[in-house]
Amino acid sequence: MANQNNSLTSLALQKFKKNFWGVFSFGIIVCIGLISIFAYFFAPDASKNANQMHLSIHSKSPGFEVQMLTIPSGVESDQNFLSKLFFGKVNTDTEIPIQSYEVEGNRLHYVEYASDGLQGMEKQIQLNRFPNSDYKKYLDNRSFVFGTDKYGRDYLSRILIGSRISFFIGFIAVFISLVVGLLMGSLAGYYGGKVDAIIMWIINVTWSIPTLLLVIAITLALGKGFWQVFIAVGLTMWVEVARVVRGQIISAKEMQYVTAARALGYNDYRIITKHILPNIFGPLIVISAANFAAAILIESGLSFLGIGAQPPMASWGAMIKDHYNYIILGKPYLAMIPGLCIMILVMAFMLVGNALRDALDVKT
């Protein structure tokens, strides 16, 4: 039996490898996953939530460059390397976009950057504000690959860090939906009778409520925030899993191997977990891939409505909300870039789901 399972698994993997779009989409998912985990390593602005605001350079086009003066605060951070890598750097220094500068005596004179070609305000600072009066280390040319948002934050950094919410909500929501859906579907399908009737009533009531409204209600009950959205989305997606598991178990419990397991005296828990569920993983993998895509879209919709991840946390849906009016103001890329990111990630999960469905089709 084990050899047969291994051979079937290898056949499924071979079929999946032959599906170009499935493998290509899986590669995209892996790349986005790595980027989301190490977002602060790749982001030009590695401050927490990439929230360095420079209102004088707001809404600049992709490729914009400016000279940046960093004024050290003198406050030393006790953050360790792992904290900076995964949660961002706590930046206590002040960054100022400037148009020009010159040094006179022991003072650094600089002109702040002003948008629309206007002359900025001239200011000065003592050179002893810099360690060893070495001001040159605190002057650099900053390039913004995706431009800046309406608050003057680096848009590329916000996009990279915003991938975390969209990517990880899929994993957490699918995990919650699998745990609840497997439990409810297994009980309903295996025991039947009144247990099945009660669980099916719960499923039908939950199914009749629009998903977005149910998520909004749960989110409002739990409160706005990061983890509340993850839990709310997961608790609304278990219904599909439960229906699939129920249907599969109703068919599988009449098979000969289940009858043999009962004859050997195995308890119901062992029969369900050790014998039935391993044989119905194919449909579960496919529906999980579809639920990944659905969770990403739901979270984006919630963020767009303002009840998802809260500012200053970066989220693709919230970025569309902040900049959708720029579509008619001549800078549509501010809304289109996060929209394209959502589309690419959702499409990748859907194509992987289709490829898995074809690979796990026992009829072929």
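The preceding data block contains the structure.
Residues numbered from 1 in each chain as written. Predicted model: local features only at pLDDT ≥ 70, side-chain atom pairs only at ≥ 80, totals over all residues. Heavy atoms only, no water.

### What about the overall build of the protein?
And then number 1: Each helix and strand counted, the protein has 14 helices and five strands in total.
And then number 2: Here the C-alpha radius of gyration of the protein, 27 Å, is well above what a compact globule of 364 residues would show, namely 21 Å.
And then number 3: The C-alpha extent of the protein, read off along each of the three principal axes, is 95 × 45 × 40 Å.
And then number 4: Here the protein holds 364 residues, and 43% of them are scored as buried.
And then number 5: Here the analysis covers contacts within the protein between residues at least 6 apart in sequence; of these, 71% occur between residues at least 24 apart.
And then number 6: Taken as two groups, the 29 positive and 23 negative side-chain charges of the protein have centres that lie 11 Å from each other. (Helix = DSSP H or I, 4+ residues; strand = E, 2+ residues; numbered from the N terminus. Rg over C-alpha atoms; globule rule 2.2 N^0.38 Å. Buried < 20%, exposed > 50% of the residue type's maximum accessible area, 1.4 Å probe, protein only. Contact = heavy atoms within 4.5 Å. Lys, Arg positive; Asp, Glu negative; His and termini not counted. Charge placed at Lys NZ, Arg CZ, Asp CG, Glu CD.)

### Quick look at the packing of aromatic side chains
And then number 1: Across all of its chains, the model carries 16 aromatic pairs by this definition.
And then number 2: For the ring pair F64 and F144, a centre distance of 6.0 Å and an interplane angle of 25 degrees mean the geometry is stacked. Pair noted here: F64 is in strand β1 (residues 64–71) and F144 is in strand β5 (residues 139–144), with a separation of 80 residues, a long-range link.
And then number 3: Geometrically, the ring pair formed by Y101 and Y135 is edge-to-face, given 6.2 Å between the ring centres and 70 degrees between the ring planes. Here Y135 lies in the loop between β4 (122–126) and β5 and Y101 lies in strand β2 (residues 94–104), a separation of 34 residues in the sequence.
And then number 4: Residue classification places Y101 among the partly exposed residues on the basis of a relative accessible area of 33%.
And then number 5: Pairwise contacts between aromatic rings join F167, F168, F171, F292 and F349 into one cluster.
And then number 6: Positioned over the ring face of W207 is R243, at 4.8 Å from the centre of the ring. (Phe/Tyr/Trp six-rings, centres within 6.5 Å; stacked < 30°, edge-to-face > 60°. Lys NZ or Arg CZ within 6 Å of the ring centre and 35° of its normal.)

### Describing the pattern of salt bridges
And then number 1: For the coordinates displayed, the defined rule picks out six salt bridges.
And then number 2: In this structure, D196 engages R246 in a salt bridge whose closest nitrogen and oxygen atoms are separated by 2.7 Å. Taken together, the positions of D196 in helix α6 (residues 193–208) and R246 in helix α9 (residues 238–252) put the pair 50 residues apart, joining distant regions of the chain.
And then number 3: The exposure class assigned to R246 is partly exposed, which follows from its relative accessible area of 21%. (Salt bridge = Lys/Arg side-chain N within 4 Å of Asp/Glu carboxyl O.)

### Remarks on the sheet that holds β5
And then number 1: The five strands lie next to each other as β4-β3-β2-β1-β5, forming an open sheet whose pairing is antiparallel. For this open sheet the edge positions go to β4 and β5, each flanked by a neighbour on one side alone. Recorded for the sheet is a direction-independent mean angle of 50 degrees between the axes of neighbouring strands.
And then number 2: Of the strand pairs in this sheet, β1 and β5 are connected by six bridges, and their pairing is antiparallel. Across the sheet, the residue bridging to M68 is D140, located in β5. (Pairing = 2+ DSSP bridges. Axes fitted to C-alpha atoms, helices over the stretch in contact; angles between N-to-C directions.)

### A few points about the nonpolar core
And then number 1: Judged by nonpolar contacts, the single largest core of 27 residues is most densely connected at I159, W316, L345 and F349.
And then number 2: Within the residue set of this core, elements represented by two or more residues are α2 (20–37), α5 (155–191), α12 (281–305), α13 (316–323) and α14 (333–359).
And then number 3: At 13 residues, the largest contribution of residues to this core is made by α14.
And then number 4: In this structure, W316 is in contact with I159, G162, S163, S166, P338, C341, I342 and L345, ignoring residues within four places of it in sequence.
And then number 5: Within the second largest apolar cluster, 17 residues are counted, among which are A232, A295, I298 and A309. (Core = buried A, V, L, I, M, F, W, Y, C linked by side-chain atoms within 4.5 Å.)

### Digging into the side chain of T206
And then number 1: In this fold, T206 is placed in helix α6.
And then number 2: Reaching out from T206, the side chain makes a polar contact with the backbone oxygen of I202 at a distance of 2.8 Å.
And then number 3: When neighbours within four sequence positions are excluded, T206 is seen to be in contact with L214, W238 and V239. (Polar contact = N/O pair within 3.5 Å; in protein donor to acceptor, adjacent residues only side chain to side chain.)

### Notes on the packing of α2 against α14
For any two helices packed against each other, one specifies the inter-axial angle together with the distance between the axes.
And then number 1: Taken N-terminus to C-terminus, the directions of α2 and α14 make an angle of 135 degrees; their axes are 8 Å apart at the nearest point. With respect to each other, α2 and α14 are oriented oblique. Note that α2 runs across α14; the crossing there is left-handed. Residue-level contacts link W21, G22, S25, F26, I28, I29 and I32 of α2 to I344, L345, A348, F349, L351, V352 and A355 of α14.
And then number 2: Class assignment of the residues belonging to the contact of α2 with α14 gives a composition of 12 nonpolar, two polar and no charged. (Parallel < 35°, antiparallel > 145°, perpendicular 65-115°, else oblique. Left-handed = near helix turned anticlockwise from the far one by under 90°. Nonpolar A, V, L, I, M, F, W, Y, C, P; charged D, E, K, R; others polar.)

### Looking at the pairing of strand β3 (residues 107–112)
And then number 1: Direction of pairing for β2 relative to β3: antiparallel, over a ladder of six bridges. What sits directly across from E102, in β3, is H109.

### Focus on the side chain of R153
And then number 1: Relative to the assigned elements, R153 resides in the loop between β5 and α5.
And then number 2: In this structure R153 comes out as buried when scored by relative accessible area, which is 4%.
And then number 3: Leave out the neighbours within four places in its chain, and R153 touches A50, N51, Q52, M53, G147, T148 and R158.

### Some thoughts on the state of the cysteines
And then number 1: Overall, the coordinates contain zero disulfides when judged by the stated rule.
And then number 2: Free cysteine: C31, not disulfide-bonded; nearest cysteine sulfur from C341 at 13 Å. (Disulfide = S-S within 2.5 Å.)

Purely spatial values, then, with no claim about function.
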